[in-house]
Amino acid sequence: MTPVIDRVLRSFISRGRLDVVFADGTRRTYVGAPGPVAAMRILHPSVERRLIFNPGLAFGEAYMDGAVVPDGCTLYDLLDLLMTNSMGTGHAGEMVASLVRYGKRTWTQFNPASRSRRNVAHHYDLNGALYDLFLDRDRQYSCAYFPRGDETLDEAQEAKKRHIAAKLRLDRPDLEVLDIGCGWGGMALTLARDYGARVTGITLSEEQLGVARRRAAEEGLSDRVRFELVDYRAVTRRYDRIVSVGMFEHVGVGHYRQFFGIVHDILAEDGVMLLHSIGRNDGPGSTNPWIDRYIFPGGYSPSLSETFAAIEKSGLWVTDCEVLRLHYAKTIALWRERFAASRARVAAMYDERFCRMFEFYLVGAELSFRVQGHMNFQLQITRSIDAVPLTRDYMLDTERAAALSCVADNVEEPLAVGGKASARRAPRRKTAKTGG
């Protein structure tokens, strides 16, 4: 154990208790105000040096390599303690690293079309069977919505889609909808099947594109939904509605004004957009270096202040804003549970190091919403001041009508992305009427 790492940990732990066994066998306990309790073993002396200068990257890498392990506790317990304490002043090495990351963020989030495609492929072009192991049947890889709080993952993801559809105000059939960052097609297929829309979904992932097109064909919706490998900057035609779920985090802070400028140009005069994104509660920041390197290169969770500043320059209206605080924490907790149940299958698909990487990602992501001020926001955006009714009551009315229709029609779960099709298709629901 080096004296420097000992001093760093003494100043770092201001809440809870951390027990550490260092590489040379030395044991130390670091105690702050009442809080979480955890313990860890550091198995290689080089880790101690790296933790001093860039802990945000070094700790995750050490866990992946098996050089740091929880000791008598879970990874969740250990990261809960460390991430809770990281919200304090921190130590000099991390403060310097954080300032450097913030200064470099314009470059690290510089995402022209070619770089965006590489970044997307890094995460979303993994073996599709991996996602079937921990996501819901519709493969929604974004924050679910828990109106009661005790929904299953599938129920909460269906509720999320109803919640978004209500804000899109799909008040008549055959509305032309653009889904920016359509993933594996679940949202686009839902809007076409259940709300009578005609949807164009765009993605930069070849893996997602193939799955989405296959799903449209299997559901008999190829006449109403089409999927394309297109960057949002290449879209020129106008749409009645635009939806984007979990894509804005990949735009890059330097591209926000361009993004909303394009939305302004391609949204119909009376059109409506719904933007769903992870956000941060504490103002502009930078992406954790481990997440940037191993999970979402070029990604960033924006603050509302950064997002609104770009919208204000575009000539668009924000007609509704909702902050979903703990919904994503609940979503990821269910993903972690499913991943853990299928861990052996993931290890056979990849290897042990990949499993530890993905576990670290899921635990850290959940805790970022529980203890580090991350949240989700949904913005309803229009070009015209009168594109939506005066009050938001129509959203609740539409959402409740859709939920009741789902129950009344005994709608089955959507087709499993990686499995066989359901024995019968869910009946198409009538478009819920909204206030004028």
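Scope of this entry: the structure provided in the associated data block.

Thresholds applied
- Residues numbered from 1 in each chain as written.
- Predicted model: local features only at pLDDT ≥ 70, side-chain atom pairs only at ≥ 80, totals over all residues.
- Heavy atoms only, no water.
- Pairing = 2+ DSSP bridges.
- Helix = DSSP H or I, 4+ residues; strand = E, 2+ residues; numbered from the N terminus.
- Axes fitted to C-alpha atoms, helices over the stretch in contact; angles between N-to-C directions.
- Contact = heavy atoms within 4.5 Å.
- Buried < 20%, exposed > 50% of the residue type's maximum accessible area, 1.4 Å probe, protein only.
- Polar contact = N/O pair within 3.5 Å; in protein donor to acceptor, adjacent residues only side chain to side chain.
- Core = buried A, V, L, I, M, F, W, Y, C linked by side-chain atoms within 4.5 Å.
- Expected span 1.5 Å × (residues − 1).
- Salt bridge = Lys/Arg side-chain N within 4 Å of Asp/Glu carboxyl O.
- Phe/Tyr/Trp six-rings, centres within 6.5 Å; stacked < 30°, edge-to-face > 60°.
- Lys NZ or Arg CZ within 6 Å of the ring centre and 35° of its normal.

**Let's talk about the sheet that holds strand S1 (residues 15–21)**
The strands making up a sheet are joined through hydrogen bonds of the backbone, oriented either antiparallel or parallel. Sheet architecture is open: four strands sit in the order S2-S1-S3-S4, paired in mixed fashion. Every other strand in the sheet has two partners, leaving strand S2 (27–31) and strand S4 (68–70) as the edge strands with one partner each. Neighbour-to-neighbour, the strand axes of this sheet turn through a mean angle of 25 degrees, independent of strand direction. Both S1 and S2 contribute to a ladder of five bridges, which runs antiparallel. Within S2, the residue paired with arginine 17 across the bridge is valine 31. Of the strands in this sheet, S1 and S2 are in contact with helix H1 (residues 3–12), which crosses S2 at around 25 degrees.

**Concerning the environment of aspartate 77**
As for its placement among the helices and strands, aspartate 77 is situated in helix H4 (residues 75–85). Residues aspartate 77 and alanine 38, 39 residues apart in the sequence, show an inter-C-alpha distance of 5.8 Å. For aspartate 77, the residues in contact, after removing those within four places along its chain, are Val37 and Ala38.

**Notes on helix H3 (residues 55–64)**
Where burial is concerned, most of H3 is hidden: 10 out of the 10 residues are buried. All of the buried residues along H3 are Pro55, Gly56, Leu57, Ala58, Phe59, Gly60, Glu61, Ala62, Tyr63 and Met64. Looking at the residues trailing H3, positive phi occurs at glycine 66, about 75 degrees.

**Remarks on the environment of aspartate 138**
Counting through the fold element by element, aspartate 138 comes out in the loop between helix H7 (128–134) and helix H8 (153–168). Judged by its relative accessible area of 2%, aspartate 138 falls in the buried class. When the C-alpha positions of aspartate 138 and glycine 186 are compared, they lie 5.7 Å apart, and in sequence the two are 48 residues distant. A polar contact of 2.6 Å, which involves the side chain of aspartate 138, links it to the side chain of lysine 161. Polar side-chain contacts of aspartate 138 include one of 2.4 Å to the side chain of arginine 215.

**Quick look at the pairing of S1**
Regular strands show a simple pattern: their side chains alternate between the two faces of the sheet. One ladder, built from six bridges, connects S1 with strand S3 (residues 33–42); its direction is parallel. The partner of arginine 15 across the bridge, within S3, is alanine 33. Counted along the chain from S1 to the antiparallel partner S2, the turn is five residues long, and its residue glycine 25 has a positive phi close to 95 degrees.

**Things to note about the nonpolar core**
Soluble globular proteins tend to pack their nonpolar side chains together in the buried interior. Formed by 61 residues in total, the largest nonpolar core has its most connected members in Tyr141 and Phe358. Of the residues forming this core, the biggest block, 11 residues, is contributed by helix H16 (residues 352–371). Grouped together as the second largest cluster of nonpolar side chains are 28 residues, Tyr239, Ile266, Ala310 and Ile311 included.

**Thoughts on helix H14 (residues 327–341)**
Residues spaced three or four apart along an α-helix point in a common direction, a consequence of the helix completing one turn every 3.6 residues. Compared with an ideal rise of 1.5 Å per residue, which puts 15 residues at 21 Å, H14 spans 22 Å between its outermost C-alpha atoms and is within 8% of the ideal. Listing the buried residues of H14 in full gives His327, Tyr328, Ala329, Thr331, Ile332, Trp335 and Phe339.

**Here's the deal with the pattern of salt bridges**
Tallying each qualifying case throughout the model produces 36 salt bridges. Among the ionic pairs, arginine 172 bridges to aspartate 171, the shortest N-O distance being 3.2 Å. On the basis of relative accessibility, which here comes to 33%, the residue arginine 172 falls in the partly exposed class. For aspartate 171, a relative accessible area of 27% translates into the label partly exposed. Where aspartate 174 meets arginine 198, a salt bridge forms, and the shortest distance between an N and an O atom there is 3.3 Å. With aspartate 174 in the loop between H8 and strand S5 (176–180) and arginine 198 in strand S6 (residues 198–203), this pair connects stretches of sequence that are 24 residues apart.

**As for unusual backbone geometry**
One non-glycine residue, arginine 139, lies in positive phi territory at about 55 degrees. For arginine 139, the position within the fold is in the loop between H7 and H8. Look at arginine 139 and you get buried, because its relative accessible area is 4%. In the Ramachandran plot, aspartate 174 falls in the positive-phi region, its phi being about 65 degrees despite a non-glycine side chain.

**Digging into the packing of aromatic side chains**
Evaluation of the coordinates by the stated rule reveals 25 aromatic pairs. The interplanar angle of 75 degrees and the centroid separation of 6.0 Å between the aromatic rings of phenylalanine 134 and tyrosine 141 together place this pair among those described as edge-to-face. Each member of the pair, phenylalanine 134 as well as tyrosine 141, is classed as buried. On the basis of an interplanar angle of 65 degrees and a centroid distance of 5.2 Å, the ring pair of tyrosine 232 and phenylalanine 259 is categorised as edge-to-face. Taken together, the residues span a long stretch of sequence, with tyrosine 232 in the loop between strand S7 (225–229) and strand S8 (239–245) and phenylalanine 259 in helix H11 (residues 256–266) at a distance of 27 residues. Like tyrosine 232, the residue phenylalanine 259 is buried in the burial classification. Against the face of tryptophan 184 rests arginine 139, its NZ or CZ located 4.7 Å from the ring centre. Just above the ring of tyrosine 239 sits the side chain of arginine 237; from NZ or CZ to the centre is 4.6 Å.

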